[in-house]
Amino acid sequence: MSMTKVFIISLALTFVILSPAFCVDNPVTNPSFESGLTGWTAYAASTNGALPVVGCIGSSPCVFDIFSSTSAPDGSNVCGLQSLYPAGPPKNGGVYQVFTWSYGGAEVTISGRAYSEGYGAYSTWGPLIDGCSVSVGLADLSTSDRNDASQWSSISWGNPDPWSTATVFINGPGTYTLFIENNQLVDAATISTLWDKVSVKAYIGITGGPTANVGDDPNRPDTTARIEWTTDTPSTSRVDYGLTTDYGQHVQDAALTTSHSILLENISPSSHYHFKVTSDAPNAYGLDSGDNTFDVPIRFSNISVSTEGLDTIITWNTDIATTSQVEYGKTPAYGSMSVLNTELTTSHEVRLTGLDEDSDYHFRVWASKLLYTTVHSDDQTFHTYPAPRSSLENASFESGIFPWVLYQSSITGNTPIDGRVGPYPVSGTQTWSAANIKAYDGSYFIGAETTSQYKNGGVFQRLYWPAGQMCTLCARFATQNNSTSFYDTEFKLGIDPNGGVDPTDNGIYWWKGFSPTNDNKWCTGGVTATAGSGGMVTVFLEIVQKYSEDHVVAIDDVTFGAPVAMTIGNLKQMEACTGAEFQNALVTAAAASVTYTSTSYPRRYIQCDDHLSSIAPTGMAVLFDPSRGTPPDVGDRVTVKGALVVVWKEASLLAYDWTTTKGPLTLPDPLGMSQKWIGGSTCNQIPLYASKYTCNVGSRVRLWGKVTDSYYDYNENAWLCQIDDGTGLIDPSGNSIKGVRVNLVGDEEASVATGDYIMATGVLTIEHIDPSAPLGSSTGEYDVYKLITNSTDDWTHIPAVE
């Protein structure tokens, strides 16, 4: 049998002048049998046993004269056995020797030859393949039993002249027994099995290191490094080193030792070095450690730039404690230097003030320490942001981008947004993209259009705003997605109350939405926050295209300021979207929560007292974030501040702050009207279809009519009916059902049936219907006007006369 062990061997040997003080001697006595069997013990095999003999090889009178070779592998003598057919039977036996090894791994190799010829078919003589072999075995102890050998390697039958080798492996220091034997396998054959030249060659192994001790010389802490390692075999020492894996420099010592130490001098401060160590010895395989690295102080890391107010802050780290200083300017020549901070630290921060806004700067950081070389980093760059404004500037992007700052999202795979788009004037005929979008205000807007890809990013602007005061950011937007999931294309508004410029900061207040019409119509979005203690906020407008599809997003007409106290009627008629405050409004209805862009908002309807003097009642939906407080109940009065948004085609106020005065109070009288008057629109309310009346969505009204369809909705504990007053309105569901939907709160036993007559008082709402999943799939979706009631007192039921 044979066993193979694998060792890592350096193929690139380093030749050095060797000291004669040491040599890895062959531990085997009489390895080439020139002294006969001295040092060896011969043994006979159990089958056809014979004791090996030693002698010359060649023609008679040499001992081995069968299939004679031209020469021995080493010297004149070889060892082995030969048998001549038919003069005698095969001969089998071997020799062994016990020896001691003091180093690491090594290989033991013998040279051997095995050849046989036999009586073959058709009564002819010829080569007898696999008729014999020579084997070498190694036992990890002192023994005379060849069965104790843990590994064997064989030289198989071959041509009569060439010698081959077989190898076994030494694992480390210890006592071993080497066995060499022949195997003559057949009777009808002439066989020659010989061996010679036992070689032992060491593997030089690392037993420790290599390690790099930078600054080994305390007087030269950043220009010297000592490389140290230990080996299991006395060997030479060499270190190749340099700034790349090509190295280029080396230091060596020819002395043979197991403890290696090489001093590298005049190395470069603040550098990253590569190095490898090699060791050699006579009769041994050279050692190559492979690539290693070390750093020379002073080393810079984590250099970064951030903004705080008007200041630019440079931060970095060093591997040892040093001073701090920044050199900077608008060119690589710099020209300015910050004040030297002599405090020794590894975490550095320098604040630069008085820089020009919206400008490119170059900089490098400096560090020094006693006995160390003063060093600087490589050249770095940053761009200063526009200075914070006292009020929002360039709100409709008519003057380019400035002072907005364009940024790209860090989402993998996305590309930058298009940025400023135009001119596509409101009064012109030209439109942008297949969505046919014109500017909402002026001629320009921000946008992103993609085909089978996606773009993510936006713009931000920094603004001064009194600490602790509320502010609202609003904008017009249009989104269109040509896939089946139009809500995958979103628009986001955000306010960082602390004036930061990182759009991924968790402290930003965000609102996100999508166009419920999925076309070129402009919608309204808004968000409200309270400024932090720094007296500065940052407003963000961001485009989100989630997947690689066909998308269009446009943003225009941005407004920013404190929520303004006004009536609902005022807000609905305002051309500019804005933040609003409704004071002491009456809560008229509680509707089902609405889920919009992954957020569920409890929904209430409010109405201001000014409806008594108005042509039409003025009511509105308010979305209350449950994380910011408890929503009011029907009959309460509420003062609420927030931003105007459009959710599923209904203009709503996204509440940020509110105070409640508990009721219950008497609800305002409704305005009775024909179904042809319901709905209506303003610049902030999308119409579902033409109406003959001023916008009354969100207000209390009274409707009547004949029931054309009904069923009991167990989710809302109400009858859901369709009532027609003869106007002939068609429900948008596509089922040609006439009338308007009403939600009649009450018991199932009321048994509202087709043909009955209903008069109902409630709040007119818009409901988004999605009969198929998932939400946002354009298949079968539609929006309807719906009247919701609060109790059974809000509706009268007259059964049909049979």
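Since this is a predicted model, take the numbers as computed values, not measurements. (Residues numbered from 1 in each chain as written. Predicted model: local features only at pLDDT ≥ 70, side-chain atom pairs only at ≥ 80, totals over all residues. Heavy atoms only, no water.)

Details of the overall build of the chain
Move 1: On a plain count of helices and strands, the chain comes out with 1 helix and 48 strands.
Move 2: For the chain, the C-alpha radius of gyration of 47 Å lies well beyond 28 Å, the compact-globule estimate for 802 residues.
Move 3: By principal-axis analysis of the C-alpha atoms, the chain measures approximately 140 × 80 × 55 Å.
Move 4: Expressed as a percentage of its 802 residues, the buried residues of the chain come to 53%.
Move 5: Considering only contacts in the chain between residues 6 or more positions apart, those separated by 24 or more positions represent 69%.
Move 6: Per element, the accessible surface of the chain, about 34200 Å² overall, is 49% carbon and sulfur.
Move 7: In the chain, 41 side chains carry a positive charge and 82 a negative one; their mean positions are 8 Å apart. (Helix = DSSP H or I, 4+ residues; strand = E, 2+ residues; numbered from the N terminus. Rg over C-alpha atoms; globule rule 2.2 N^0.38 Å. Buried < 20%, exposed > 50% of the residue type's maximum accessible area, 1.4 Å probe, protein only. Contact = heavy atoms within 4.5 Å. Areas by Shrake-Rupley, 256 points an atom, 1.4 Å probe, with all protein chains shown as cover. Lys, Arg positive; Asp, Glu negative; His and termini not counted. Charge placed at Lys NZ, Arg CZ, Asp CG, Glu CD.)

Quick word on the sheet that holds strand β33 (residues 523-530)
What holds strands together in a sheet is hydrogen bonding between their backbones, with the strands either parallel or antiparallel.
Move 1: Ordered in space as β27-β28-β35-β30-β33, the 5 strands form an open sheet in which the pairing is antiparallel. The strands lining the two open edges of the sheet, one partner per strand, are β27 (419-421) and β33. Neighbour to neighbour, the strand axes of the sheet diverge by 35° on average, direction disregarded.
Move 2: Where β27 meets strand β28 (residues 445-453), 3 bridges bridge the pair, whose relative direction is antiparallel. Directly across from arginine 420, in β28, lies its bridge partner isoleucine 446. (Pairing = 2+ DSSP bridges. Axes fitted to C-alpha atoms, helices over the stretch in contact; angles between N-to-C directions.)

Observations regarding the nonpolar core
Move 1: By size, the foremost hydrophobic cluster in this structure holds 49 residues, and its most contacted members are Trp101, Ile110, Ile170, Leu178, Ile180, Val239 and Phe294.
Move 2: Sort the elements by how many residues they give to this core and strand β11 (residues 189-203) lands first, with 6 residues.
Move 3: If sequence neighbours within four positions are ignored, isoleucine 180 has contacts with Trp40, Tyr43, Gly93, Gly94, Val95, Ile110, Val134, Ser135, Val136, Trp195 and Val198.
Move 4: The next biggest cluster of nonpolar side chains, apart from the first, holds 41 residues, and it includes Phe477, Phe514, Val537 and Tyr601. (Core = buried A, V, L, I, M, F, W, Y, C linked by side-chain atoms within 4.5 Å.)

Side note on the packing of aromatic side chains
Move 1: One pass over the full model with this rule turns up 36 aromatic pairs.
Move 2: Geometrically, the ring pair formed by tyrosine 115 and tryptophan 157 is stacked, given 5.4 Å between the ring centres and 25° between the ring planes. Of this pair, tyrosine 115 sits in strand β5 (residues 106-119) while tryptophan 157 is found in the loop between β8 (151-155) and β9 (164-170), placing the two residues 42 residues apart along the sequence.
Move 3: Residue classification places tyrosine 115 among the buried positions, given a relative accessible area of 5%.
Move 4: Measuring from ring centre to ring centre gives 5.8 Å for phenylalanine 486 and phenylalanine 514, while their planes differ by 70°; the resulting arrangement is edge-to-face. With phenylalanine 486 in the loop between β30 (470-481) and β31 (489-496) and phenylalanine 514 in the loop between β32 (509-513) and β33, this residue pair connects regions lying 28 residues apart in the sequence. The exposure classification of phenylalanine 486 matches that of phenylalanine 514, with both residues buried.
Move 5: Each member of the aromatic cluster is reached from another via a ring pair, and the members are Tyr385, Tyr407, Phe460, Trp510 and Phe540. (Phe/Tyr/Trp six-rings, centres within 6.5 Å; stacked < 30°, edge-to-face > 60°.)

Notes on unusual backbone geometry
Move 1: Going from glycine 209 to proline 210, the amide bond is cis rather than trans, its omega being 0°.
Move 2: One can find proline 210 in strand β12 (residues 206-214).
Move 3: A positive phi angle, close to 55°, is found at asparagine 302, a residue other than glycine.
Move 4: Residue position: asparagine 302 is located in strand β19 (residues 300-308).
Move 5: Using a relative accessible area of 57% as the deciding quantity, one classes asparagine 302 as exposed.

Details of the state of the cysteines
Move 1: Applying the stated criterion across every chain, the model contains 1 disulfide.
Move 2: The residue that forms a disulfide with cysteine 56 is cysteine 62, at a sulfur-sulfur distance of 2.1 Å. Given an S-S torsion of about -120°, the disulfide between cysteine 56 and cysteine 62 has left-handed geometry.
Move 3: Cysteine cysteine 608 remains unbridged, with the sulfur of cysteine 695 as its closest cysteine sulfur at 14 Å. (Disulfide = S-S within 2.5 Å.)

Observations regarding the layout of surface pockets
Move 1: Estimated volume of the largest pocket: approximately 710 Å³.
Move 2: Along the walls of the largest pocket sit 31 residues, with Ala592, Arg603, Glu716, Glu767 and Lys786 positioned nearest its centre.
Move 3: When contributions to the lining of the largest pocket are tallied by element, the ones reaching two or more residues are β37 (579-596), β41 (650-661), β43 (700-713), β45 (740-745), β46 (757-769) and β47 (782-788).
Move 4: Residues that form the lining of the largest pocket fall into these classes: 14 nonpolar, 10 polar and 7 charged. (1 Å grid on protein atoms, 1.4 Å probe; cavity = no way out; pocket = protein on both sides within 12 Å on 5 of 7 lines; lining within 4 Å. Points joined across faces, edges and corners; volume = space filled by probe spheres on them. Nonpolar A, V, L, I, M, F, W, Y, C, P; charged D, E, K, R; others polar.)

So yeah, pure geometry; function would need other evidence.
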